Protein chains: 4
Amino acid sequence: MDTARIPGTTGEIPRSSAAESARRGRPRSEEADRAILSAATELLAERGLGGMSMEEVAARAGVGKTTVYRRWPSRGALALDAFLTEFQEQQPLPDTGTLHGDLLAALRGWTRSVTRTPAGRMLAGLIAEAQRDPALGAAWRDRVIEPLRARHTIMLDRAIERGEIRADVDKDVVLDLLFGPAYHRLLNGHRPLTDRFARQVVDLIVAGLSADEPA
Amino acid sequence: MDTARIPGTTGEIPRSSAAESARRGRPRSEEADRAILSAATELLAERGLGGMSMEEVAARAGVGKTTVYRRWPSRGALALDAFLTEFQEQQPLPDTGTLHGDLLAALRGWTRSVTRTPAGRMLAGLIAEAQRDPALGAAWRDRVIEPLRARHTIMLDRAIERGEIRADVDKDVVLDLLFGPAYHRLLNGHRPLTDRFARQVVDLIVAGLSADEPA
Amino acid sequence: MDTARIPGTTGEIPRSSAAESARRGRPRSEEADRAILSAATELLAERGLGGMSMEEVAARAGVGKTTVYRRWPSRGALALDAFLTEFQEQQPLPDTGTLHGDLLAALRGWTRSVTRTPAGRMLAGLIAEAQRDPALGAAWRDRVIEPLRARHTIMLDRAIERGEIRADVDKDVVLDLLFGPAYHRLLNGHRPLTDRFARQVVDLIVAGLSADEPA
Amino acid sequence: MDTARIPGTTGEIPRSSAAESARRGRPRSEEADRAILSAATELLAERGLGGMSMEEVAARAGVGKTTVYRRWPSRGALALDAFLTEFQEQQPLPDTGTLHGDLLAALRGWTRSVTRTPAGRMLAGLIAEAQRDPALGAAWRDRVIEPLRARHTIMLDRAIERGEIRADVDKDVVLDLLFGPAYHRLLNGHRPLTDRFARQVVDLIVAGLSADEPA
DNA sequence: TCGTAACCGAGACGGTACGTCTGGTCTTTTT
DNA sequence: AAAAAGACCAGACGTACCGTCTCGGTTACGA
């Protein structure tokens, strides 16, 4: 995934006036960065976002609280970066040759990440936190949702090129139909997120997209 | 809607040994009930679930915290009841004669509730809270998600009876495809929840369901 | 000493609107009062006022920080009460029959308290703290300095009655001459606070007071 | 006053191994010295010692914190030098021809300095700080108290030479009787530091010293 | 003229304590 | 026996300074 960490996006606090080429003062410790992120990741996996306090992150990382706040302005911003460190690159951009294959691979990749790794818990916690922290909500859209959608849009573009689906299809709606049900089950937990479920969703979407084709 | 408040479901605390016909002591004040619920509803609408503290609910209702906790075991449980008071009955069970009409009416009813009333904010806040409070998650499923699904299943049963769709369709998947995308947009806010969006979703689902029909 | 703790003086926070005879709600725990005061006294004796943090007082007393702040609004106010608990009653009101005997007993009582018990350290710390906290300064004057002066004034009144000194002597100045040098040595530490020193001070004051007598 | 700043006394940190005649490396900036001292003096006068943080001194002087700490090892040491810069030379060594005149001039000089210039606030703050920093306490005695006492002792020696007082008088006690009451009022603030007060103190001391004279 | 030593401003570092807030429980008196 | 009130313990919050450290860079001496 090419959403590599771009400093300054979530709440990443830029050093002074940015483009000042000769940075003054002691440089930020990269080791502290790593220690904080991995402490956050551990706590997130162990106890969920609610159980990840800045206090304990700092203590576990062997770092002062100011050192944490200097880098991340809020719990959510830190959790988001910890999540991305785990989650990024896990999401494949499949190219199987058919729309059905691509969508299925993408959806299964997602459902497996969230059911088999700590990413699911983190993801649910972050969406929850984003409901109360608008800044986190914006960062979440910009750094997670949109980059993933951009990648997945490519699958649809390829299907259009191949003539599998109409060129005027509303790709936003298709992507919401693909992932919305999965997020729904993850967050509400009313039914399990199985491979079979993923296939059924994809079957129906592909059938629906093909239905109004000239045949 | 038949999800009328059934004491004991969310966490409703029963009076002593329940079936004891002749209750002793001072009866619970129904006015306190109302004052608490409406204070909670106000705060929820004004500031979202994050801004609704038990402390302030009690203060605004002119009631001791104990009185609140005697009735609702947690912030989430109270918020859930406040939400249901607002949301219940708002969700219609349409009967238009066609599957497409029914699904569209149901989805539009939902999207309008969440975009035009405080219900949307409450709903998002409750799903968020449910991520950190498993008991609330269970109550949410039992008192909101499942009753709604039961009602909506009726629409699919009628379509089967009419022969519009196959009898062996997986109704769970269809319902997740119907509402999942809408929840997705509500919680992530990446695209707006428009009437047009509702129609596109329903169009595609109905097309997909009809595709594998014999005729 | 009759400066028994008068609630409301230092910063003692009164319960609600004071004269409300029937106090409602859970009463303040007297055990918490005791635990906090004795934790404060211990820390004060061990490490001085600088080493007495509210954090540690609360921890050592097994009490929440709010419970401490509910009673004492600042570190200084708490320290002042802890000091009085130790110091009060230690200061005698001598009645030896002569001015010289009375002044000497009073001054020696004071110097012995401050040199042989933890009171000296507390006293020095409190005067220090009072320099930066005006509210504490006022409480210090009202609850320590003035009550002591009132008691000591009695010695001078008796001497006037006996005809040992003139009736128009400025008692404030005499008291400052009596205790000022001792405070000076305590706070600056440039010379020791010995019994001999006390006697020399008293000798000179009594001589000075008698000098302008008709004889 | 001849207590001109003697480097190395308070905590003044000498450059390398001191007597090495040919100092190598960049010399210390005298401008930084001045900027720091005057920033400290300003802050001390504005907000007292409690409001003078090393952080803000450095910022206001436009200097790195290291540069401050290289010169003064602690807040107290810096404050002491700032105080001396203000206070020194203000204290006269009177020579009026009589003990009474000398003592009165000396005491009034002191009380006027502390009541009419920022020196009083600084002095009180420094004595306070010295209670928690023993090194500062020692420096305070060595650089302020003792030099002043040495000067004032001269007044007593002259009185002995003139035969005004006995040669075996304990000069330490007399000086504590002279200044102790004034420090007492400054630090406790229970009574004002007036010229009248100074005269009353001096009157009584001189009377007391003369009493046991052969006459 | 070059190297080296000590300085410079800036600012990050690990810590401690602050005073506030809320959660959920407990203990009173009053109804 | 339930109500209202309010105290209880616990612990996270974000801030302010502490005194130390690490940068890139400057200034002056001695080789």
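This one's a predicted model, so the numbers in the text were calculated from it and none came from an experiment.

1. Quick word on helix H9 (residues 195-211) of chain D
When the terminal C-alpha atoms of H9 of chain D are compared, their 24 Å separation across 17 residues agrees well with the 24 Å that a helix rising 1.5 Å per residue should span. For H9 of chain D, the set of buried residues is Phe197, Ala198, Gln200, Val201, Val202, Leu204, Ile205, Val206, Gly208 and Leu209 of chain D. The inward-facing, buried residues of H9 of chain D contact helix H8 (171-188) and helix H9 (195-211) of chain C together with helix H5 (99-116) and helix H8 (171-188) of chain D.

2. Considerations on the packing of helix H8 (residues 171-188) of chain B against helix H9 (residues 195-211) of chain B
All names here are of chain B. Where H8 meets H9, the closest approach of the two axes is 10 Å, and the angle between their N-to-C directions is 155°. In terms of axis orientation, H8 runs roughly antiparallel to H9. Regarding H8 and H9, the two cross each other, and that crossing is right-handed. On H9, the residues that touch Val174, Leu177, Leu178, Pro181, Ala182 and Arg185 of H8 are Phe197, Val201, Val202, Ile205 and Leu209.

3. A look at the protein's contact with DNA strand E
Lining the immediate environment of DNA strand E, one finds 47 residues, of which Arg70 and Arg71 of chain A, Tyr69 of chain C together with Thr67 and Arg70 of chain D sit closest. Protein-proximal atoms of DNA strand E, defined as those within 4 Å of the protein, fall in sugar or phosphate at a share of 66%. A distance of 3.4 Å separates a base nitrogen of DNA strand E from a polar backbone atom of Arg26 of chain D. Broken down by secondary-structure element, the contributors of at least two residues to the surface near DNA strand E are helix H3 (65-71) of chain A, helix H2 (54-61) and helix H3 (65-71) of chain B, helix H2 (54-61) and helix H3 (65-71) of chain C together with helix H3 (65-71) of chain D. Examining the composition of the surface near DNA strand E, we find that 5 residues originate from one element, H3 of chain D, more than from any other. Each residue belonging to the surface near DNA strand E can be placed in one class, and the counts come to 8 nonpolar, 17 polar and 22 charged.

4. What to know about the relation of the copies chain C and chain D
For the pair chain C and chain D, the best superposition has an RMSD of 0.2 Å and corresponds to a rotation of 179° with a translation of 0.1 Å parallel to the axis. Given the turn and translation reported, the copies of this chain are related as if by a two-fold rotation axis. Both copies present the same face, since 100% of the interface residues in chain C are matched by interface residues at the equivalent positions in chain D.

5. A few points about the confidence of the model for chain A
Residues and elements named next belong to chain A. Per-residue confidence for chain A averages 88 on the pLDDT scale, and 87% of its residues sit at or above 70. Mean pLDDT across the elements of chain A bottoms out in helix H6 (residues 119-132) (90) and peaks in helix H8 (residues 171-188) (98). Long-range and interchain partners of residues 1-9, a stretch whose pLDDT sits below 50, account for 18 contacts in this model, where long-range means more than four residues apart.

6. Here we look at the protein's contact with DNA strand F
Neighbouring residues of DNA strand F: 48 residues in total, closest Tyr69 of chain A, Thr66, Thr67 and Arg70 of chain B together with Arg70 of chain C. Between DNA strand F and Arg26 of chain C there is a distance of 3.3 Å, counted from a sugar or linking oxygen to a backbone nitrogen or oxygen. At the level of elements, helix H2 (54-61) and H3 of chain A, H3 of chain B, H3 of chain C together with helix H2 (54-61) and H3 of chain D are the ones that each hand at least two residues to the surface near DNA strand F. Of all the elements, H3 of chain B adds the most residues to the surface near DNA strand F, at 5 residues. Within the surface near DNA strand F, the residues separate by chemical class into 9 nonpolar, 17 polar and 22 charged.

7. Let's talk about the relation of the copies chain B and chain A
Rotating chain B by 180° about the axis while translating it 0.1 Å along that axis superimposes it on chain A, leaving an RMSD of 0.2 Å. Mapped onto chain A, 98% of the interface residues of chain B again fall at the interface, so both copies present the same surface.

8. A word on the interface of chain C and chain D
A common way to report how large an interface is uses the accessible area buried once the components associate. On the chain D side, the residues contacting the 39 residues of chain C number 39 residues. Summing the contributions of chain C and of chain D, the shared interface buries around 3,500 Å²; its carbon and sulfur component is 59%. Our count for the chain C to chain D interface comes out at 10 salt bridges. Among the salt bridges present, the one from Arg132 of chain C reaches Glu129 of chain D, with a minimum N-O distance of 3.1 Å. At the junction of chain C and chain D, the tally comes to 20 residue pairs in polar contact (both at pLDDT 80 or more). Tallying contributions element by element places H8 of chain C first for the side of chain C that touches chain D, with 12 residues. Classifying every residue of the side of chain C that touches chain D by side-chain character gives 18 nonpolar, 9 polar and 12 charged.

9. Focus: the interface of chain B and chain A
Between chain B and chain A, the residue contacts involve 40 residues of the former and 39 residues of the latter. Across the interface of chain B and chain A, roughly 3,500 Å² is buried in total on both sides, 59% from carbon and sulfur atoms. The tally of links between chain B and chain A comes to 10 salt bridges. A salt bridge links Asp170 of chain A to Arg196 of chain B; its shortest N-O distance comes to 3.7 Å. If you look at where chain B meets chain A, you find 20 residue pairs in polar contact (both at pLDDT 80 or more). Those elements that place two or more of their residues in the side of chain B that touches chain A are helix H6 (119-132), helix H7 (134-161), H8 and H9 of chain B. The leading source of residues in the side of chain B that touches chain A is H8 of chain B, at 12 residues. Taken together, the residues of the side of chain B that touches chain A sort by class into 19 nonpolar, 9 polar and 12 charged.

Reading the values: rules and limits
- Throughout, residues of each chain are indexed from 1 in the direction in which the sequence is written.
- All chains are assigned letters beginning at A, and all ligands numbers beginning at 1, according to the order in which they are written.
- pLDDT decides what is reported in this predicted model: residues at 70 or higher carry local features, side-chain atom pairs at 80 or more are listed and counted, and totals for whole chains, interfaces and linings draw on all residues regardless.
- With hydrogens and water stripped out, all remaining heavy atoms of the structure feed into the side-chain values.
- Helix and strand definitions here come from DSSP, where helices need a minimum of 4 consecutive H or I residues and strands a minimum of 2 consecutive E residues; each element is numbered from the N-terminal end.
- Expected span of a helix: the number of residues minus one, times 1.5 Å.
- Note on classification: 1.4 Å probe, protein chains only; a residue is buried when its accessible area is under 20% of the maximum for its type, exposed when over 50%, partly exposed between these limits.
- By the convention used here, residues are in contact when the closest approach between their heavy atoms is within 4.5 Å.
- Working convention: axes come from line fits to C-alpha atoms, limited for helices to the stretch in contact. Angles between N-to-C directions cover 0 to 180 degrees.
- Roughly parallel covers angles under 35 degrees, roughly antiparallel covers those over 145, roughly perpendicular covers 65 to 115, and oblique covers all other angles.
- Less than a right angle of anticlockwise turn of the near helix away from the far helix marks a crossing as left-handed, whereas a clockwise turn marks it as right-handed.
- Nearness is defined per residue: one heavy atom within 4 Å of the molecule or strand is enough.
- Any N or O atom pair separated by 3.5 Å or less is treated as a polar contact, with the protein-specific requirement of one donor-capable and one acceptor-capable atom, and with residues adjacent in sequence counted only for side-chain atom pairs.
- By the convention adopted, Pro, Cys, Tyr, Trp, Phe, Met, Ile, Leu, Val and Ala count as nonpolar, Lys, Arg, Asp and Glu as charged, and the other residues, Gly among them, as polar.
- Superposing the copies works by least squares over the C-alpha atoms of residues that have pLDDT at least 70 in both of them.
- Confidence scores per residue from the predictor, reported as pLDDT, run from 0 to 100.
- Take the accessible area each of two parts loses on contact, using a 1.4 Å probe, and add the two losses: that sum is the buried area.
- The term salt bridge refers to a side-chain nitrogen of Lys or Arg lying within 4 Å of a carboxyl oxygen of Asp or Glu.

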